[in-house]
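Close look at the chain arrangement
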Amino acid sequence: MNARLRIGLSSCFFPADPLRSIFKGKVLEYLEQSMAHWLQSMGVLVYMIPSRATGHDFGGYAEDLDGLVLQGGSDVAPPSYGEVAERPEWSGDRLRDDYEIALVRDFVKQGKPILGICRGLQLLNVAFGGTLYQDVETHAPNALCHRNWEIYDTNHHDLRITENSEMATWYKSPVLLVNSVHHQAIKQLAPDFKVEAISPKDGIIEAVRHSGPSWIFGVQWHPEFQGRDPKLLDDSIILARFLEAIKIRREKPTRAQV
Ligand code: MN
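Throughout what follows, the structure given in this document is the object of discussion.

The rules we used
Residues numbered from 1 in each chain as written. Predicted model: local features only at pLDDT ≥ 70, side-chain atom pairs only at ≥ 80, totals over all residues. Heavy atoms only, no water. Buried < 20%, exposed > 50% of the residue type's maximum accessible area, 1.4 Å probe, protein only. Helix = DSSP H or I, 4+ residues; strand = E, 2+ residues; numbered from the N terminus. Pairing = 2+ DSSP bridges. Contact = heavy atoms within 4.5 Å. Axes fitted to C-alpha atoms, helices over the stretch in contact; angles between N-to-C directions. Donors = N, O, S within 2.8 Å, 3.2 Å for Na, K, Ca; no water. Expected span 1.5 Å × (residues − 1). Polar contact = N/O pair within 3.5 Å; in protein donor to acceptor, adjacent residues only side chain to side chain. Phe/Tyr/Trp six-rings, centres within 6.5 Å; stacked < 30°, edge-to-face > 60°.

Moving on, we come to the pairing of strand β1 (residues 6-10). Across the 5 residues that make up β1, a large majority, 4, are buried. Here β1 runs beside strand β4 (residues 45-49); their pairing, made up of 5 bridges, is parallel. Paired with Ile7 across the bridge in β4 is Val46. Inspection of the sheet shows β1 paired to strand β5 (residues 67-70) by 3 bridges, in the parallel sense. Note that in β5 the partner of Leu9 across the bridge is Val69.

Okay, structure coming up:
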């Protein structure tokens, strides 16, 4: 099959705002530009998958598209992992959680690869039964600063790749540098997930992979913001592995692999 790969991208939600000058009082769904540009850098076609007015049946999309990327954005809502928000500003976006969990289920049913970025890693962990720190600063008090609004995606920390992991076969060095723009982090890892990389100074989980036959991978940093900075981890390797998993799946279609 020579057709270009078609990647579904989950949308971010912008709640209805009565003060907005355009689309006043309307809910918007959007993508972040560098995410689309990063994916397109390897020649794939990117399609944003909008939510549905009723229900969460994405069967048509999961059947037609080759893989799914979950982009970053708002916090995952604590009720999505069995907790109550300790502060109103940690309430997250339950509507987006429900929409993305349904998307994940449909792509998993089709055995199609999934890549979660930042919130996407957290969403994958929650969708498969794990939990999160509602606020890293409060719930992991010895942790580094993983989000700094002032310096945003120029906030960096070390990343240590787990020995004998899949990522360890992708990179020559086990210690690399990544950006860090996240408010939540994995507390309890979901069953069947493996830790691929951590922040070595505080043990915060920074990359995970599902251990089943479907290719399901999440990274806590933002590859799409890193560009080609030689100081930072080379994210083109991750994108290439994702696309390779998609090509393998297209050659040997299997269903319901996890
Ligand atoms: Mn981090």
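For the rest of this paragraph, the subject is the side chain of Asp106. Note on placement: Asp106 falls in helix α3 (residues 94-109). Excluding residues that lie within four positions of it along the chain, Asp106 makes contacts with His56, Asp57, Phe58, Gly59 and Ala62.

A few words on the sheet that holds β5. Judged by pairing direction, the sheet is mixed, and its 9 strands sit side by side in the order β4-β1-β5-β6-β13-β12-β11-β8-β9 without closing on themselves. The two strands at the open ends of the sheet, each matched to only one other strand, are β4 and β9 (175-179). Across the sheet, the mean angle separating the axes of adjacent strands is 25 degrees when strand polarity is ignored. Relative to strand β6 (residues 114-117), β5 is paired through 3 bridges, and the arrangement is parallel. Bridging from a neighbouring strand, Leu70 pairs with Gly116 of β6. The strands that helix α4 (residues 119-127) touches are β5, β6, β11 (193-198), β12 (205-210) and β13 (216-219); relative to β6, the one it contacts most, it runs at about 120 degrees. The sheet contacts of helix α7 (residues 236-251) involve β1, β5, β6 and β13, and relative to β5 the element is tilted by about 150 degrees.

So, about α4. A large share of α4 lies buried, amounting to 9 of its 9 residues. Of all the positions in α4, only Arg119, Gly120, Leu121, Gln122, Leu123, Leu124, Asn125, Val126 and Ala127 are classed as buried. Phi turns positive, to about 105 degrees, at Gly129, one or two residues after α4.

Turning our attention to the coordination of the manganese ion. Protein-derived coordination of the manganese ion comes from His146 (ND1), His157 (NE2), Ser180 (OG), His182 (NE2) and Glu206 (OE), at a distance range of 2.2 to 2.4 Å. Read in sequence order, the donor residues for the manganese ion give the motif H-x10-H-x22-S-x1-H-x23-E. Here the residue His146 occupies a position in the loop between α5 (136-139) and β8 (156-161), and Ser180 occupies one in the loop between β9 and β10 (185-186), the gap between them amounting to 34 residues. When sorted by exposure, His146 lands in the same class as Ser180, which is buried.

Between its terminal C-alpha atoms α7 stretches 23 Å, which fits the 22 Å expected from 16 residues at 1.5 Å a residue. The set of residues buried in α7 consists of Ser236, Ile237, Ile238, Leu239, Phe242, Leu243, Ala245, Ile246, Arg249 and Arg250. Summarising the contacts, the buried residues of α7 are in contact with β1, α1 (33-40), β5, β6 and β13.

What follows deals with the side chain of Ser165. As for its placement among the helices and strands, Ser165 is situated in the loop between β8 and β9. A relative accessible area of 7% means that Ser165 is categorised as buried. Among the polar contacts listed, one links the side chain of Ser165 to the backbone nitrogen of Ala168, at a separation of 3.1 Å.

This part is about the pairing of β13. Of the two faces of β13, the one holding Ile216 and Gly218 and the one holding Phe217 and Val219 are both buried throughout. Of the strand pairs in this sheet, β6 and β13 are connected by 4 bridges, and their pairing is parallel. From the neighbouring strand, Ile114 faces β13, where its bridge partner is Ile216. Where β12 meets β13, 3 bridges bridge the pair, whose relative direction is antiparallel. Residue pairing across strands places Arg209 opposite Phe217, the latter belonging to β13. Linking β12 to β13, which pair antiparallel, is a turn of 5 residues.

One pass over the full model with this rule turns up 8 aromatic pairs. Both rings, one in Trp215 and one in Phe242, keep their centres 5.6 Å apart while their planes meet at 35 degrees; by these two values the pair is tilted. With Trp215 in the loop between β12 and β13 and Phe242 in helix α7, the pair connects residues that are 27 residues apart, well separated along the chain. The two residues Trp215 and Phe242 agree in class, both being buried. Each residue in the set Phe13, Phe58, Tyr61 and Tyr99 is aromatic and connected to the rest through ring pairs, giving one cluster.

Remember, this is a structural readout, not a statement about activity or role.
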